[in-house]
Amino acid sequence: MDLIKSGAIQLVINTPLGRASYFDEKALRTTATQRGIPLITTLSGGRAMVEAIRSIRRGALTVRSLQEIYAAPG
């Protein structure tokens, strides 16, 4: 929490395990959200974020709307 509050953390990947971690996870989520720090709570979400960061570093990231992706031909 101290590292988040100090600004040393820019991204949080937290995959809680059961009810025992509920209160810690809630405090972590609240702190990250209050400071505008992205918080990922699943492994698949973490993988997607890693791939997005890799794409950005390669300069290969493009943004398209859903309408562009699913546009009917013609």
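Bear in mind that the values here come from a model prediction, so they are computed numbers and not experimental data. (Residues numbered from 1 in each chain as written. Predicted model: local features only at pLDDT ≥ 70, side-chain atom pairs only at ≥ 80, totals over all residues. Heavy atoms only, no water.)

A.B. asks: In this structure, what is going on with the nonpolar core? I would like to understand it.
C.D. replies: Side chains that are nonpolar tend, in soluble globular proteins, to be buried together. Core analysis: the largest hydrophobic core is formed by 5 residues, namely I4, V12, L28, A32 and I37. In this structure, A32 is in contact with I4, V12, I37 and L39, ignoring residues within four places of it in sequence. (Core = buried A, V, L, I, M, F, W, Y, C linked by side-chain atoms within 4.5 Å. Buried < 20%, exposed > 50% of the residue type's maximum accessible area, 1.4 Å probe, protein only. Contact = heavy atoms within 4.5 Å.)

A.B. asks: Looking at this model, I keep getting lost on a nonpolar patch on the surface. Mind explaining?
C.D. replies: Residues L11, I13 and I53 make up a contiguous nonpolar surface patch of about 220 Å² in total accessible area. Tracing the sequence through the fold places I53 in helix α3 (residues 43-58). (Patch = residues over 30% accessible without salt bridge, like charges linked within 9 Å, V, L, I, M, F, W, Y side chains within 5 Å. Areas by Shrake-Rupley, 256 points an atom, 1.4 Å probe, with all protein chains shown as cover. Salt bridge = Lys/Arg side-chain N within 4 Å of Asp/Glu carboxyl O. Helix = DSSP H or I, 4+ residues; strand = E, 2+ residues; numbered from the N terminus.)

A.B. asks: Is there a simple way to think about the side chain of E25 in this case?
C.D. replies: By the element assignment, E25 lies in helix α2 (residues 22-34). Overall, the relative accessible area of 9% leaves E25 in the buried class. A polar side-chain atom of E25 sits 2.6 Å from a polar atom in the side chain of R29. Setting aside residues up to four positions removed in sequence, E25 forms contacts with N14, P16 and T41. (Polar contact = N/O pair within 3.5 Å; in protein donor to acceptor, adjacent residues only side chain to side chain.)

A.B. asks: Would you mind showing me how to read α2 here?
C.D. replies: For an α-helix, the turn length of 3.6 residues means that residues three or four places apart are oriented alike. In this model, α2 (13 residues) spans 18 Å end to end at C-alpha, consistent with the 18 Å of a helix rising 1.5 Å per residue. Taken residue by residue, α2 has E25, L28, T31 and A32 as its buried positions. The buried side chains of α2 occupy one side of the element, clustering within an arc of 135° when seen end-on. Opposite the buried face of α2, by more than 90 degrees, sit the exposed residues F23, T33 and Q34. Where α2 is buried, its residues touch α1 (2-6), β1 (12-13) and β2 (39-40). Looking at the residues trailing α2, positive phi occurs at G36, about 70°. (Expected span 1.5 Å × (residues − 1). Arc of directions from axis to C-beta.)

A.B. asks: I tried to follow the pattern of salt bridges on my own but got confused; where do I start?
C.D. replies: If charged atoms from side chains of opposite charge come close, those side chains can pair. In the structure shown here, the tally under the stated rule is 2 salt bridges. Here E51 makes a salt bridge to R54, at a shortest N to O gap of 2.8 Å. Here R54 and E51 lie together in helix α3, a separation of 3 residues that amounts to about one turn. Given a relative accessible area of 41%, E51 falls into the partly exposed group.

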